[in-house]
Amino acid sequence: MTKKTVKPRKKGLKGRDFLSVDDFSPAEIRSVLVLARDMKAHPRKYRAALEGAMMALIFEKPSLRTRTTFTVGIKQLGGDALLLTPADINLGKRESVYDVAKNLERMVDGIMIRTFGHDICTSLAAHAAIPVINGLTDLEHPCQAMADFMTIIECRKNLAKAKIAYVGDGNNVAHSLLLMAGKLGATLFVGTPEKYKPDQNVMDRAVALARENGGTIVWTSSPVEAVHNADVVYTDTWASMGQEAEAEQRREEFNSYQVNRGLFSHAHGDALFMHCLPAHRGWEVTDEIMDSKNSVVFQEAENRLHAQKAIMVGLLKG
Ligand code: CP
Ligand code: NVA
């Protein structure tokens, strides 16, 4: 039998988890963003911020950015990282999530997990006495949204006045962007086919947060309506990891949501193009847009490093 050890809700970020954007208050998100910008500007100042700390990085799906930025990030802070793949731990099969949590909490200082079901992530966090960070589940990608809003603020300054458009699949990335927009009082239009709308609970929560924080959240099935007069145009893959078998069918269903010159022309001329990457050039975005002067996709990828360093310092050190 496993014992349920739900962590007490603590004040400040120290000892907390970051499983969903909704785990942090607007003020906490803003403080992480401020710290991330300072870390980007003055990296040497933070060389010993997490001296001796060890992060376990559990990956049940592939990764370039998340693996690299967490590994490099903790090392730049004076700590180290240990990679755990399915070949090593085979989470839930070789050993239960509970037992993995109870082992790791005695060996490392924090865990980042990329997995399929969000419940695996919440269960690991509920049982481990150390901070757990969601490095992507089927439901959310909160570290991505933190880096994305850092990038938008860097490039656009006045977030309150920017219209952000997300077009494509109402997936994990869309969910975290919705919650982040709600928390920060931003304007986000999400354009997806009816069949691929974001999760209704996430939509409802994002709309409620937007109401509290002075933002606007709109869903539409029209990609043109979403992108019209936008300051930021964001897209992601049409078939996420785990949905590869549906890729060809989805390609037909999402055809009119491709971010190409035609769709992008409905946005402001200086609109940013954003993508969490990896991009499927010729599918959800054309080369022309990916490689245009509007594209900030690699700045966005770099900001994963700074945003996650700030998150790790917040959770591990306070
Ligand atoms: N955007 C992102 O999470 O990239 P990876 O899948 O390469 O980690
Ligand atoms: N929605 C994508 C994001 C990849 C970073 C996926 O889950 O595969």
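Whatever comes next refers back to the structure up there.
My aim in this report is to walk through the structure given alongside it, one point at a time. (Residues numbered from 1 in each chain as written. Chains lettered and ligands numbered in written order. Predicted model: local features only at pLDDT ≥ 70, side-chain atom pairs only at ≥ 80, totals over all residues. Heavy atoms only, no water.)

### Looking at the site of ligand 2
Under the convention used in this document: Only a single heavy atom is needed: when it lies within 4 Å of a molecule or strand, its residue is near that molecule or strand. Here a polar contact means two N or O atoms within 3.5 Å. Within protein one must be a hydrogen donor candidate and the other an acceptor candidate, and residues neighboring in sequence count only if both atoms are side-chain atoms. Accessible areas in this description were obtained via Shrake-Rupley with a 1.4 Å probe; residue shielding takes into account the shown protein chains only. Ten residue types, Ala, Val, Leu, Ile, Met, Phe, Trp, Tyr, Cys and Pro, are classed as nonpolar, four, Asp, Glu, Lys and Arg, as charged, and the remainder, Gly among them, as polar.
What surrounds ligand 2 is the set L136, N171, N172, V173, D236, T237, S240, M241 and L277. The separation between a nitrogen atom of ligand 2 and a polar side-chain atom of N171 is 3.3 Å. Within the side chain of N172, an N or O atom sits 2.8 Å from an oxygen atom of ligand 2. If ligand 2 stood free it would expose 270 Å²; the protein chains cover 95% of that surface. Its residues placed into classes, the shell around ligand 2 shows four nonpolar, four polar and one charged.

### Description of the site of ligand 1
The environment of ligand 1 is made up of S63, L64, R65, T66, R114, H141, Q144, C276, L277 and R304. S63 places a polar side-chain atom, nitrogen or oxygen, 2.6 Å from an oxygen atom of ligand 1. In the environment of ligand 1, a nitrogen atom lies 3.0 Å from a nitrogen or oxygen atom belonging to the side chain of Q144. Class assignment of the residues belonging to the shell around ligand 1 gives a composition of three nonpolar, four polar and three charged.

### Focus: the sheet that holds strand 9 (residues 272–275)
Quick note on the threshold: When DSSP finds at least two bridges between two strands, those strands are taken to pair. What counts as a helix is a DSSP run of H or I of at least four residues, what counts as a strand is a run of E of at least two, and both are numbered from the N terminus. Axis lines are fitted to C-alpha atoms, over the contacting stretch for helices. Their N-to-C directions set the angle, which ranges from 0 to 180 degrees. In what follows, a contact means two residues having at least one pair of non-hydrogen atoms within 4.5 Å.
Judged by pairing direction, the sheet is parallel, and its five strands sit side by side in the order 7-6-5-8-9 without closing on themselves. Each of the sheet's edge strands pairs with one partner strand only, and the pair in question is strand 7 (216–220) and strand 9. Taken over all neighbouring pairs, the strand axes of this sheet differ in orientation by 20° on average, direction set aside. Sheet topology note: the strand 8 (residues 232–235)/strand 9 ladder contains four bridges and is parallel. When the bridges of strand 9 are listed, V232 appears paired with L272. Against the sheet, helix 7 (residues 172–184) engages strand 5 (163–167), strand 6 (187–191), strand 7 and strand 8, with an angle of about 155° to strand 6.

### Notes on the nonpolar core
For clarity, the cut-off: In this text, buried Ala, Val, Leu, Ile, Met, Phe, Trp, Tyr and Cys residues form a nonpolar core when linked through side-chain atoms within 4.5 Å. Residue exposure (1.4 Å probe, protein chains only): buried if accessible area is under 20% of the type maximum, exposed if over 50%, otherwise partly exposed.
Counting 62 residues, the largest nonpolar core has I133, M146, F149 and L188 as its most contacted members. For L188, the residues in contact, after removing those within four places along its chain, are I164, A165, Y166, L177, L178, A181, T216, I217 and V218.

### Brief notes about the pattern of salt bridges
We apply this condition: Here, a salt bridge means any side-chain nitrogen of Lys or Arg that lies within 4 Å of a carboxyl oxygen of Asp or Glu.
With the rule as written, the count across this model stands at 16 salt bridges. Among the salt bridges present, the one from E194 reaches K197, with a minimum N-O distance of 4.0 Å. Using a relative accessible area of 31% as the deciding quantity, one classes K197 as partly exposed. The partner of K195 in a salt bridge is E253, and the shortest N-O contact between them spans 2.7 Å. One end of the pair, K195, is in the loop between strand 6 and helix 8 (200–213); the other, E253, is in helix 10 (residues 247–253), and 58 residues separate them in sequence. Owing to a relative accessible area of 55%, K195 belongs among the exposed residues under this scheme.

### Brief notes about the sheet that holds strand 3 (residues 110–114)
Sheet strands line up and pair through hydrogen bonds in the backbone, either parallel or antiparallel. The strand order 2-1-3-4 describes an open sheet built from four strands, whose pairing is parallel. Whereas interior strands pair on both sides, the edge strands pair on one side only; in this sheet they are strand 2 (80–84) and strand 4 (132–134). Ignoring strand direction, the axes of neighbouring strands in this sheet form an average angle of 20°. Note: strand 1 (residues 54–59) against strand 2, five bridges, orientation parallel.

### Here's the deal with the pairing of strand 7
Defined as follows: For a crossover, the right-handed case is the one in which the path from the first strand over the helix to the second runs clockwise, viewed with the strands pointing away from the viewer.
One ladder, built from five bridges, connects strand 6 with strand 7; its direction is parallel. From the neighbouring strand, G191 faces strand 7, where its bridge partner is T220. A crossover links strand 6 with its parallel partner strand 7, the connecting element being helix 8, and its sense is right-handed.

### Focus on the packing of helix 7 against helix 8
Note the threshold: By the definition adopted for this analysis, an angle is roughly parallel if under 35 degrees, roughly antiparallel if over 145, roughly perpendicular if from 65 to 115, and oblique otherwise. Take the far helix as the reference: if the near one is turned anticlockwise from it by less than a right angle, the crossing is left-handed, and if turned clockwise, right-handed.
Contact pair helix 7 / helix 8: the axes reach a minimum separation of 7 Å and the direction vectors enclose 20°. Overall, the two elements helix 7 and helix 8 adopt an arrangement that is roughly parallel. In the packing of helix 7 onto helix 8, the handedness of the crossing is left-handed. On helix 8, the residues that touch H175, L178, L179, G182 and K183 of helix 7 are V202, M203, R205, A206, L209, A210 and N213. Here the residues of the contact of helix 7 with helix 8 sort into seven nonpolar, three polar and two charged.

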